[in-house]
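Per-entry structural report
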Amino acid sequence: MTGVRVAVPAKINLSLRVGPLRPDGFHDLSTIFQAVSLIDEITVAPGDPGTGRTIVVRGERVDGVPVDDRNLAARAALALGRLAGFADPDVRIEIDKAIPVAGGMAGGSADAAATLVACRRLWNVDVDDEVLHDLAAELGSDVPFSLLGGTARGTGRGEQLVPILDGGQWHWVVALDEGELSTPAVFAECDRLRASGHVEQASGDGESAMGSEDALIAALRSGSPDELAPLLVNDLQPAALALRPSLATTLAVGDELGALAGIVSGSGPTCVFLAADRDHAIGLAAELAGTGRVRGVRHAVGPVRGAHLVT
Ligand code: C5P
């Protein structure tokens, strides 16, 4: 298909601190995002008149991905169309997925961000990145970061972003899981574990409850994997492990095989392991794949750039 093509990366959360449930159903977060080299490609082209959004998704495990206006990419096209003054745009959106579906790596958010960038070009919509960011934030908490890429601190729902100086080239081994986890279910389990006293939540509001990320930011600046490794943290991990206990084994296996650190990515069930360098990552990925305990293994490097045109 000729059209406008955009590449967009997956994200991992190097640190994900979750505050209390807000009245609007979201949680305040303090997180450090990093964009990594698992890349979805989105191609948009004009659709036949009257066909609305036509979505084609290719890749592993895409059967459950909606191909109608429930798809976040379609909602992104609708949102940008509305802004440009047309309510029911006819657009064909092809999505080639390398980001694991429902894996906690913001795959759906990435596709939405890419669609915003692609449709802005396709329709020549005269809006700047700030406007695109605001549209992105309305679509989902992770969509703005998928636009921005690199390494950034996220607060609010995760949509308020400040880029972070990152001196490293970090090598990650990504362990794909057989299952899927729903993000709302994992947040709800996190609340439940806290309410039942199984998992503590620091008292206080906002940032004071979520701790400081200064050490992690310094480690990122240093570029040293040994400094970064002990600082990786994910408040959603106990909830993801409660809902999918086999992830504890995955993390233990990565540890035994010599990963510098391992965490559940976002709401899971994908797990990510930090390696010392490229060779270490490739060796670790091969060994982890050899155990047969995970559905698949990928080597990813970060940080990489956010959603960008490739045509
Ligand atoms: O923003 P997004 O649509 O990605 O969020 C999906 C769900 O994840 C929300 O409906 C909410 O249940 C949960 N969530 C949350 N707090 C956040 C982000 C997401 O509780 N900061």
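You'll find the structure just up there.
Below: a short report on this structure. (Residues numbered from 1 in each chain as written. Predicted model: local features only at pLDDT ≥ 70, side-chain atom pairs only at ≥ 80, totals over all residues. Heavy atoms only, no water.)

Another aspect to go through is the nonpolar core. Core analysis: the largest hydrophobic core is formed by 63 residues, its most contacted members being Leu-80, Ile-93, Met-105, Trp-172 and Leu-228. Looking at which element gives the most residues to this core, the answer is helix α2 (residues 107-122), with eight residues. Aside from chain neighbours lying at most four places away, what touches Met-105 is Ala-10, Lys-11, Ile-12, Val-36, Leu-38, Ile-99, Pro-100, Val-174, Ser-265, Thr-270 and Val-272. One finds Leu-16, Val-18, Leu-193 and Ala-285 within the second-largest nonpolar core, a separate group that totals 27 residues. (Core = buried A, V, L, I, M, F, W, Y, C linked by side-chain atoms within 4.5 Å. Buried < 20%, exposed > 50% of the residue type's maximum accessible area, 1.4 Å probe, protein only. Helix = DSSP H or I, 4+ residues; strand = E, 2+ residues; numbered from the N terminus. Contact = heavy atoms within 4.5 Å.)

Scanning the model with the defined rule gives two aromatic pairs in all. Ring geometry for Phe-33 against Phe-145: centres 4.6 Å apart, planes inclined by 10°, an arrangement best described as stacked. Separated by 112 residues along the polypeptide, Phe-33 in strand β2 (residues 27-46) and Phe-145 in helix α4 (residues 143-148) bring together distant segments of the chain. Residues Phe-33 and Phe-145 agree in their burial class; the two are buried. For the ring pair Phe-86 and Trp-123, a centre distance of 4.9 Å and an interplane angle of 85° mean the geometry is edge-to-face. Taken together, the positions of Phe-86 in the loop between α1 (72-84) and β4 (91-96) and Trp-123 in the loop between α2 and α3 (129-139) put the pair 37 residues apart, joining distant regions of the chain. (Phe/Tyr/Trp six-rings, centres within 6.5 Å; stacked < 30°, edge-to-face > 60°.)

Another aspect to go through is the packing of α2 against α3. Contact geometry of α2 with α3 gives a least axis separation of 10 Å together with a crossing angle of 140°. For the crossing formed where α2 meets α3, the hand is right-handed. Every residue of α3 that contacts α2 at Ala-112, Leu-116, Val-117 and Arg-120 is listed here: Asp-129, Leu-132, Leu-135, Ala-136 and Leu-139. Grouping the amino acids of the contact of α2 with α3 by side-chain chemistry returns seven nonpolar, no polar and two charged. (Axes fitted to C-alpha atoms, helices over the stretch in contact; angles between N-to-C directions. Left-handed = near helix turned anticlockwise from the far one by under 90°. Nonpolar A, V, L, I, M, F, W, Y, C, P; charged D, E, K, R; others polar.)

So, about the pairing of strand β3 (residues 53-58). Only one face of β3 is covered, namely the one carrying Arg-53, Ile-55 and Val-57; the face carrying Thr-54, Val-56 and Arg-58 has none of its residues buried. Where β3 meets β4, six bridges bridge the pair, whose relative direction is parallel. Bridge pairing in β4 links Arg-53 to Val-91. Considered for its hand, the β-α-β crossover made up of β3, α1 and β4 is left-handed. (Pairing = 2+ DSSP bridges. Right-handed = clockwise from strand over helix to strand, strands pointing away.)

Any functional reading would require information beyond the geometric quantities listed.
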